[in-house]
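Okay, here's what each chain looks like letter by letter:
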Amino acid sequence: MFSLIYGDNYNAVSSEAYKIIRPFIDKDRAVLGLVTGSSPIGLYKKMIADHNANGTSYRHVVAFGLDEYIGLPRDHDQSYWTFMHENLFDGLDILPANIHLPHGDVDDLEAECARYESILRENVIDIQVLGIGSDGHIGFNEPGTSFDSVTHVASLEDSTRRDNARFFGEMVSRVPKKAITMGLKSIMRAEHILVIAYGEKKAEAVRGMMQGDICEQCPASILQKHPNVTVVLDRAAASRL
Ligand code: F6R
């Protein structure tokens, strides 16, 4: 079931997203599922600002990253490990031992997927933050991914690699072709899901997620089966609803 919240611009969308996530931080042991990309950056800035201004502590927070590129070492400037540290973790007092992300530069990727999925199973995510791809992907679960998928190695669609080229000096050839991602079933285990989308480019994917057929061609449409999804949008992203 979806609750829909509008923001007039990116800052307003980020503020609304922050209002959703903030109460979870007060839990004794908060387990957050976190995403990378442009959509959550404003939210993460607000979390850091609140930590700095009000002393809101993250020492009791456990964080899980949604995905990681395969082939990039953790210290690569475009790894999701680096993204999450630069844009969020380094600005908070979260304990390094409580930060979990898949490793994308290991020899045995299948073992890494199994390792990550097993820690996820031991920790119910209180709130999972998601962005949505223009093709309807969530995490790196591209169209056609099984609704039964758990953490797995995924191939990135050409459209996703083109969308992400902006982080690689506009060079699509530099964008990795594969990633480890939580699967759709892993995502659906979260108690609450928060989707952030802004801009006209996301409008069709947002329509598919909320009003389209529930089908594997639009991975985000699985969220129609989740009892507790909040979607924070600007008017452009909502323009096809
Ligand atoms: C990133 C991720 C992706 C993005 C999606 C939207 O960790 O899992 O599904 O959320 O591609 O990306 P942005 O927010 O950059 O438009």
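The shown structure was predicted, so the numbers you read here are calculated from the model rather than taken from an experiment.

### Some points on the overall build of the protein
1) Next: Within the protein, the regular secondary structure consists of seven helices and 10 strands.
2) Next: In terms of principal-axis extent, the alpha carbons of the protein reach across some 45 × 45 × 35 Å.
3) Next: Looking at the 241 residues of the protein, the share that counts as buried comes to 56%.
4) Next: Taking the intrachain contacts of the protein between residues at least 6 apart in sequence as the baseline, contacts between residues at least 24 apart amount to 79%.
5) Next: Positive and negative side-chain charges of the protein, numbering 24 and 33 respectively, have mean locations separated by a distance of 3 Å.

### Re a nonpolar patch on the surface
1) Next: Residues L4, Y6 and L241 make up a contiguous nonpolar surface patch of about 230 Å² in total accessible area.
2) Next: Tracing the backbone through its elements, the reader meets L241 in the segment after β10 (229–233).
3) Next: You can call L241 partly exposed: its relative accessible area is 34%.

### Some details on the state of the cysteines
1) Next: Summed over all chains, the structure comprises zero disulfides.
2) Next: Of all cysteine sulfurs, the one in C215 lies closest to C218, which takes part in no disulfide; the gap is 6.2 Å.
3) Next: Owing to a relative accessible area of 12%, C218 belongs among the buried residues under this scheme.

### Regarding the pattern of salt bridges
1) Next: Going through the model one piece at a time under the given rule, you end up with 11 salt bridges.
2) Next: As a salt-bridge pair, R121 and E117 come within 3.9 Å of each other at their nearest N and O atoms. Of the two residues, R121 and E117 are both situated in helix α4 (residues 109–122); the distance of four residues between them amounts to about one turn of the helix.
3) Next: Since its relative accessible area comes to 52%, R121 is described here as exposed.
4) Next: With relative accessibility at 6%, the residue E117 sits in the buried group.
5) Next: Salt bridges here are not isolated pairs; linked through shared partners, they connect E200, E204, R207 and R240.

### Quick look at the site of the ligand
1) Next: Surrounding the ligand, one finds 15 residues, the nearest of these being S39, D67, H137, G139 and K202.
2) Next: Side-chain polar atom of T36 to an oxygen atom of the ligand: 2.8 Å apart, as the coordinates give it.
3) Next: Residue S39 places a side-chain N or O atom 2.5 Å away from an oxygen atom belonging to the ligand.
4) Next: In isolation the ligand offers 410 Å² of accessible surface; the protein chains occlude 93% of this area.
5) Next: Taken together, the residues of the shell around the ligand sort by class into four nonpolar, eight polar and three charged.

### A closer look at the side chain of D135
1) Next: Residue placement: D135 occurs in the loop between β6 (127–130) and β7 (152–155).
2) Next: No salt bridge is formed by the buried D135, whose closest oppositely charged neighbour, R162, lies at an N-O distance of 8.9 Å.
3) Next: When sequence neighbours within four positions are dropped, the list of residues in contact with D135 reads E142, P143, E157, S159, T160, Q217 and P219.

### So, the packing of aromatic side chains
1) Next: The final tally for this structure, using the stated rule, is six aromatic pairs.
2) Next: For the pair F64 and Y116, a centre-to-centre distance of 6.1 Å together with 70° between the ring planes defines the contact as edge-to-face. Here F64 is found in strand β3 (residues 61–65), whereas its partner Y116 is found in helix α4, with 52 residues between them in sequence. Each member of the pair F64 and Y116 is classed as buried.
3) Next: Centre to centre, the rings of Y80 and F140 are 6.0 Å apart; their planes meet at 10°, and the pair counts as stacked.

### Here's the deal with helix α3 (residues 80–87)
1) Next: The complete set of buried residues in α3 reads Y80, T82, F83, M84 and H85.
2) Next: Packing partners of the buried residues in α3 comprise β2 (30–34), α2 (41–54), β4 (67–69), β5 (99–100) and α5 (158–164).

Reading the values: rules and limits
Residues numbered from 1 in each chain as written. Predicted model: local features only at pLDDT ≥ 70, side-chain atom pairs only at ≥ 80, totals over all residues. Heavy atoms only, no water. Helix = DSSP H or I, 4+ residues; strand = E, 2+ residues; numbered from the N terminus. Buried < 20%, exposed > 50% of the residue type's maximum accessible area, 1.4 Å probe, protein only. Contact = heavy atoms within 4.5 Å. Lys, Arg positive; Asp, Glu negative; His and termini not counted. Charge placed at Lys NZ, Arg CZ, Asp CG, Glu CD. Patch = residues over 30% accessible without salt bridge, like charges linked within 9 Å, V, L, I, M, F, W, Y side chains within 5 Å. Areas by Shrake-Rupley, 256 points an atom, 1.4 Å probe, with all protein chains shown as cover. Salt bridge = Lys/Arg side-chain N within 4 Å of Asp/Glu carboxyl O. Disulfide = S-S within 2.5 Å. Near = heavy atom within 4 Å. Polar contact = N/O pair within 3.5 Å; in protein donor to acceptor, adjacent residues only side chain to side chain. Nonpolar A, V, L, I, M, F, W, Y, C, P; charged D, E, K, R; others polar. Phe/Tyr/Trp six-rings, centres within 6.5 Å; stacked < 30°, edge-to-face > 60°.

So, to be careful, I would describe these as geometric facts and stop short of saying anything about function.
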